[in-house]
Amino acid sequence: MNVWTRRVVIGTAAVSMALSVAACGKAGDGDKSGGDGKTIGLLLPENKTTRYETFDRPLITKKIQALCSDCQVKYNNADQDTQNQKKQFDALITQGVKVIVLDPVDYKATKSWVNEAAKKGVKVVAYDRLAEGEISAYVSYDNEKIGRLQGEALVKALGDKAKDSNVVMINGSPTDANAPFFKRGAHSVLDKQVKKVVYEQDIPDWSPDEANKKMSAAIDSLGKDGFQGVYSANDGMAGGIITALKQQGVSVPVGGQDSELAGLQRVLKGDQAFTIYKQIKPQADTTAEIAVRLLKGEKFDSLTPTKVDSLSGEVKGIPAKLFDAQVVTKDNVEDTIIKDKVYQASQLCTGDVKAACTAAGIK
């Protein structure tokens, strides 16, 4: 699991579109594979997390348009289906696409696709989630650091009682390459600063419904007084967790990640202790620029100051750019989310959130 990650209801999130965007590549660059050398593929993993359709897709497309006035972006959303994403990936190669931005549903499954693509001269940029195989670049966040930030924020929310507190951990999807880093970072803090992690589950597909069920199971197993805080790897699951807690009359600090609109509103109302704010625009812009440079055959070293290895360890020294994030509580929503125009006060402060906004000094 830094700017711009948030929320709009998307009705047609998985619709495949070929967007004409704007000037790079020479006609005929991709003729050997039936392409025109002017196309960048964009494959995003799902739409349960609202950021992808609301921010990532339009931001990447817009930046490519600004850099490359003679290109197309061929877009698909996998709707959390690995086989669907493989078909989308294979279709791009068949069409002669030479650069693909890939945010994988299942990072382990990508190895054979990416390696086969590399043999055909296709460059793959792993976006947000690291993919297995011979990728050309990786753009994301320092995800282990984000896990540490989450752990530290939960400890702070527990206050003086942290050392004597038991904690429930609801982690992200096992198929998401970021989830182990969030978990590792959070454990590095919680294992030392709370009494014990007494219940822990990984949640397939980051499902809020499944997180709700696991939280209910934890309450049944531990009792209402058997834990004093809950780590949730993202805001979507935090919503399901908080619903389960309220149904049982339990009130403990719950953290999250992504600064989704509903998550921020829960933070303002005091239902959720914190979220993590990740700036998506710099991540999207950097990815778009790397993709365009790859299409043009230009160097992109200045954009990737870091090197990372694949999670399997089979691919070493992948050029990477990892962005930082920060904790958001009710005390700094105005100085982060509103200041950076992720959301306007009028979007946040609706219905039963109005009084909380007033209390937090948000107008």
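Being a predicted model, the structure only gives us computed values, none of them experimental. (Residues numbered from 1 in each chain as written. Predicted model: local features only at pLDDT ≥ 70, side-chain atom pairs only at ≥ 80, totals over all residues. Heavy atoms only, no water.)

Turning our eyes to something else, we now look at the overall build of the protein chain. Helices and strands together make up the secondary structure of the protein chain, namely 12 helices and 13 strands. Taking 363 residues into account, the globule formula puts the C-alpha radius of gyration at 21 Å, and the protein chain, at 21 Å, falls close to it. Summarising its shape, the C-alpha atoms of the protein chain cover approximately 65 × 45 × 35 Å along the three principal directions. By residue count, 56% of the 363 residues in the protein chain fall in the buried class. Accessible surface computed for the protein chain: about 15000 Å², of which carbon and sulfur atoms make up 46%. (Helix = DSSP H or I, 4+ residues; strand = E, 2+ residues; numbered from the N terminus. Rg over C-alpha atoms; globule rule 2.2 N^0.38 Å. Buried < 20%, exposed > 50% of the residue type's maximum accessible area, 1.4 Å probe, protein only. Areas by Shrake-Rupley, 256 points an atom, 1.4 Å probe, with all protein chains shown as cover.)

The next subject is the nonpolar core. Of all hydrophobic cores here, the largest spans 88 residues; its most connected members are I170, L190, M215, F227, V230, L245 and L348. If you tally residues by element for this core, the top one is helix α9 (residues 280-296), at eight residues. If we skip the residues at most four places from it in the chain, L190 touches G151, L154, V155, V167, M169 and Y231. If you look at the next biggest cluster of nonpolar residues, it comprises 23 residues, including L43, L102, V114 and V124. (Core = buried A, V, L, I, M, F, W, Y, C linked by side-chain atoms within 4.5 Å. Contact = heavy atoms within 4.5 Å.)

On to the pairing of strand β10 (residues 275-278). Neither face of β10 is exposed, since T275 and Y277 on one face and I276 and K278 on the opposite face are all buried. As paired strands, β10 and strand β13 (residues 325-328) are joined by four bridges and run antiparallel to one another. Counterpart to I276 in the pairing with β13 is V327. (Pairing = 2+ DSSP bridges.)

Turning to the packing of helix α6 (residues 208-222) against helix α7 (residues 235-247), a few remarks are in order. Between two packed helices, both the angle of their axes relative to each other and the distance between the axes serve to describe the pair. Across the interface, α6 lies against α7 with an axial gap of 7 Å and an inter-helix angle of 40°. What the angle tells us is that α6 and α7 run oblique. The hand of the α6/α7 crossing is right-handed. Contacts between α6 and α7 pair P208, A211, N212, M215, S216 and I219 from the former with G236, M237, G240, I241, T243, A244 and L245 from the latter. Of the residues contributing to the contact of α6 with α7, the split by class is eight nonpolar, five polar and no charged. (Axes fitted to C-alpha atoms, helices over the stretch in contact; angles between N-to-C directions. Parallel < 35°, antiparallel > 145°, perpendicular 65-115°, else oblique. Left-handed = near helix turned anticlockwise from the far one by under 90°. Nonpolar A, V, L, I, M, F, W, Y, C, P; charged D, E, K, R; others polar.)

We now examine the confidence of the model for the protein chain. Of the residues in the protein chain, 90% have a pLDDT of 70 or more, and the chain-wide mean is 90. Confidence drops under a pLDDT of 50 for residues 1-34, and excluding neighbours within four residues, the segment shows 137 contacts in the predicted structure. (pLDDT = per-residue confidence, 0-100.)

Turning our attention to the pairing of strand β12 (residues 318-323). Strand direction decides the pairing type here: strand β6 (residues 137-141) and β12, joined by four bridges, are parallel. Paired with V139 across the bridge in β12 is K321. Bridge count for strand β11 (residues 306-308) against β12 is three bridges, and the pairing is antiparallel. Bridged to T306 within β12 is A320.

Scanning all chains against the criterion turns up two disulfides. Shown here is the disulfide that connects C68 with C71, its sulfur atoms set 2.0 Å apart. One disulfide bridge connects C349 with C357, the sulfur atoms lying 2.0 Å from each other. In this structure the cystine formed by C349 and C357 twists about its S-S bond by roughly -90°; its chirality is therefore left-handed. With a relative accessible area of 1%, C357 lands in the buried category. (Disulfide = S-S within 2.5 Å.)

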